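Architecture and fold: a report
If you want the building blocks of each chain, they are given just below.
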Amino acid sequence: MKIGIVGLGYVGLPLALAFAEAGHEVVGLDTDPRKVEGLNAGRSHIEDVPDAALAPLGERLRATGNQADLASCEAIVICVPTPLTGSREPDLTYLLDSATALSGVLQPEQLVVLESTTYPGTTRERLLPILEESGMKAGTDFHLAFSPERIDPGRTDFTVKTTPKLVGGFTAACAERARELYSLICDEVIVLSSPEAAELSKLLENIFRSVNIALVNELAQLCDRLEIDVWEVVDAAATKPFGFMRFEPGPGMGGHCLPVDPFYLAFKAREHDFYPEFIELAGKVNQTQPAFCVERIERALNDAGKPVKGSRILLLGVSYKAGVGDTRESPALKIARRLTQLGGDVSYHDPHVPELPELGLKSVKVEESLSSCDVTAIVTAHPEIDYQDVVSSAPLVVDFRGVTRDIDSPKLVRL
Ligand SMILES: NC(=O)c1ccc[n+]([C@@H]2O[C@H](COP(=O)([O-])OP(=O)(O)OC[C@H]3O[C@@H](n4cnc5c(N)ncnc54)[C@H](O)[C@@H]3O)[C@@H](O)[C@H]2O)c1
């Protein structure tokens, strides 16, 4: 088949790779010329897709900035960003722009699938009318479906192939076309009754995580007051072989999905005079977590007889999760900003994030910085760091990730 992928980011590029590796011809469209140029020269901009994976594909995977190249594809999958506006409302600009451009080149019989995470109704109410500006009718002249992306950057135990894929078609025939498409690369494809059911399933998956992370984060704050080790409690509860699923406390939620997606559902719910309290409460608790972490650092410094002002504070790990370089919505940024406002001399080390232009910082060498700082805070626990060494070298360590659980040291403070 010839498949077009719109948006070659964390979601689109691995998907393009999966289709090309399965022997299909892939045209990847992106509005960022640097990504297009890089990919055509064999350079990947996504950590999960090494350059070496692109080389054997040759002409089977081609990047382009030219919309017209989509006209010859049998199926087109849209993977553009769906962020929030400044006032925390869904920002569908990228999606609507890509749909408008696509409607100009749409061909009869083509299948269009939306993968971007969004609120239920987006495919039918927002995407469909724009595509029909082509003069063709969805379900008759072209096919339309929604299929949520379930990629988890950095994860290697589940891949695009082994993670079951959900599809919801505008008509039964649309769903069947989408099922055929994903069967080319996925071991299991599950057909739902509508695009809305597929859209909402994705939000449920992410909101489930958000609510449970909020629960353990709140528990961590309570444990701090009760002087109980939250990690011991979580480890203990996780020994129950049924009825409990482990979630870990931390410095707060980050990434493009968990802090953003609940707002998409809350927006849709408000249109129906419904106020989803669980979802909003979880967002609220998770958003206060970085402030709690700052206070924890402040207290640790205070116990060592030092104010935040003028203290050298090293943050270890600034990406939103271990093993990746993505800093979108990362709680480390909030922690760094607040500590800087308080007069702290903040630096960071992250093997995946060479610089943070928004904070005017570059990753420092960890060996030199550990002993010269007043406190080191483990914000994101990248696996390549030796935490025993961190505790030995630094004068004071605050651990928000529980990676020092097996280390006993008077200069160690844990969430
Ligand atoms: N990153 C994840 O882990 C993840 C997981 C599941 C779902 N999702 C969802 O998938 C969608 C994409 O996320 P992402 O992380 O891949 O985003 P991303 O920012 O990494 O990539 C999006 C790409 O789309 C391009 N783009 C923007 N507008 C375009 C247009 N009009 N035409 C063509 N290209 C355009 C951008 O240049 C960028 O390369 C979002 O809805 C997100 O919520 C992301």
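Figured I'd write up the structure that's included with this text. A quick note: this is a predicted structure, and the numbers were derived from the prediction, not measured. (Residues numbered from 1 in each chain as written. Predicted model: local features only at pLDDT ≥ 70, side-chain atom pairs only at ≥ 80, totals over all residues. Heavy atoms only, no water.)

A grouping of E367, E368, D386 and D389 is seen on the molecular surface, where their side chains present a negatively charged patch. Checked against the element boundaries, D386 lands in the loop between β13 (375-378) and α13 (387-393). (Patch = residues over 30% accessible without salt bridge, like charges linked within 9 Å, V, L, I, M, F, W, Y side chains within 5 Å. Areas by Shrake-Rupley, 256 points an atom, 1.4 Å probe, with all protein chains shown as cover. Salt bridge = Lys/Arg side-chain N within 4 Å of Asp/Glu carboxyl O. Lys, Arg positive; Asp, Glu negative; His and termini not counted. Charge placed at Lys NZ, Arg CZ, Asp CG, Glu CD. Helix = DSSP H or I, 4+ residues; strand = E, 2+ residues; numbered from the N terminus.)

Strand order across the open sheet formed by eight strands is β3-β2-β1-β4-β5-β6-β7-β8, with mixed pairing between neighbours. The open sheet is flanked by β3 (61-64) and β8 (189-192), the only strands paired with a single partner. The average undirected angle you get between the axes of adjacent strands in this sheet is 25°. Bridge count between strand β5 (residues 111-114) and strand β6 (residues 143-146): four bridges; the pairing is parallel. The residue bridging V113 from the neighbouring strand is A145, located in β6. Helix α1 (residues 12-21) rests against β1 (2-6), β2 (25-29), β3 and β4 (75-78) of the sheet, and its axis sits at about 170° to β1. Taken strand by strand, helix α7 (residues 195-226) contacts β6, β7 (165-169) and β8, and its axis lies near 145° from that of β7. (Pairing = 2+ DSSP bridges. Axes fitted to C-alpha atoms, helices over the stretch in contact; angles between N-to-C directions. Contact = heavy atoms within 4.5 Å.)

Here β7 pairs with β8 via four bridges, running parallel. Considered in β8, the bridge of L166 is made with I190. One crossover worth recording links β7 to the parallel β8 by way of helix α6 (residues 172-183), and it is right-handed. (Right-handed = clockwise from strand over helix to strand, strands pointing away.)

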